[in-house]
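Now for the letters of each chain:
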Amino acid sequence: MPEPIVVEFPLRGEWYSPNTPGSKIPSHGTNRLGTRYAYDFIQVNWEKKGWPAYRVSLPHYLLFGASREAYYCFGQEIYSPCDGRVIVAKDGYQERSRTNLLLDLCNAYKNAHHFDPETDDVQSVAGNYIIIQYKDNVYAALCHLQEGSISVSVGQMVRAGELIGRVGHSGNSFGPHLHFQLMDSSDIATANGLPCAFAQYEIFQDGEWKRVSNAIPTSKDRIRFQKNE
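Predicted, not measured: the structure shown is a model, and the values here were computed from it.

Participant: Help me understand the overall build of the protein chain, please; the structure alone is not making it clear to me.
Facilitator: Secondary structure assignment for the protein chain yields three helices and 16 strands. Taken over the C-alpha trace, the protein chain has a radius of gyration of 17 Å; the compact-globule value for 229 residues is 17 Å, and the two agree within 12%. Along the first, second and third principal axes, the C-alpha atoms of the protein chain reach 50 × 45 × 30 Å. Among the 229 residues that make up the protein chain, the fraction classed as buried is 48%. Considering only intrachain contacts with a sequence separation of at least 6, the fraction spanning at least 24 residues in the protein chain is 68%. When the accessible surface of the protein chain is totalled, it reaches about 10,800 Å², and 48% of it is carbon and sulfur. Within the protein chain, one finds 22 positive and 25 negative side-chain charges whose respective centroids are separated by 5 Å.

Participant: Sorry, what's going on with the nonpolar core here?
Facilitator: Nonpolar side chains tend toward joint burial in soluble globular proteins. Ranked by internal contacts, the top residues of the largest apolar core, which has 33 residues, are Phe41, Phe180 and Phe198. Phenylalanine 41 has contacts with Phe9, Leu11, Trp15, Tyr16, Ser17, His177, Leu178, Phe180, Phe198 and Ile223, leaving out every residue within four places of it along the chain. One finds Val122, Val125, Cys143 and Ala191 within the second-largest nonpolar core, a separate group that totals 14 residues.

Analysis parameters
- Residues numbered from 1 in each chain as written.
- Predicted model: local features only at pLDDT ≥ 70, side-chain atom pairs only at ≥ 80, totals over all residues.
- Heavy atoms only, no water.
- Helix = DSSP H or I, 4+ residues; strand = E, 2+ residues; numbered from the N terminus.
- Rg over C-alpha atoms; globule rule 2.2 N^0.38 Å.
- Buried < 20%, exposed > 50% of the residue type's maximum accessible area, 1.4 Å probe, protein only.
- Contact = heavy atoms within 4.5 Å.
- Areas by Shrake-Rupley, 256 points an atom, 1.4 Å probe, with all protein chains shown as cover.
- Lys, Arg positive; Asp, Glu negative; His and termini not counted.
- Charge placed at Lys NZ, Arg CZ, Asp CG, Glu CD.
- Core = buried A, V, L, I, M, F, W, Y, C linked by side-chain atoms within 4.5 Å.

Structure follows, in structure tokens:
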């Protein structure tokens, strides 16, 4: 991996990243749509087998799916990972009220293999999303936000740590989560992903929280971040 660009962790509290460049590259199995070094963040029940992201049982999830509200991270606040200018703020994309494993798998396959950047709407993949220009040729994308939650507008200057939206289940999403990536263009359809690390957070190791700096979470890490701790 090239030298990563360091930004602030965009969430608060405890999180888990099942898809992260800390464990595999491309982190999402493809370089398309700027996702080479992208992260997914969810909240899970660390005390239950399998670390479920939802409050219902596994059989219930497999048979009936789960409502958005059954997911621990749905509606959690998202903060700007950097100082910058809002380039894109797309809201109003309707979220599905429930997850459905078969339907979500079909959507994921369709978007991964048949998305045409010339004709298809990026929101069908990204859902409600925000793009912030951090530096020249460095853009932060935060995707799948809760409908109606985006609190910034195009052209607005934001500071790192400023509230910008909430975790949702819009677009190509298996369940409520935050998809986060850095890229070299404001156009997700054609952008290349850029490697990213986080300035500071904690991981739970050997029964205690340990602070790390300028680091990249792996898919085995229990992550925690609180601003100005």
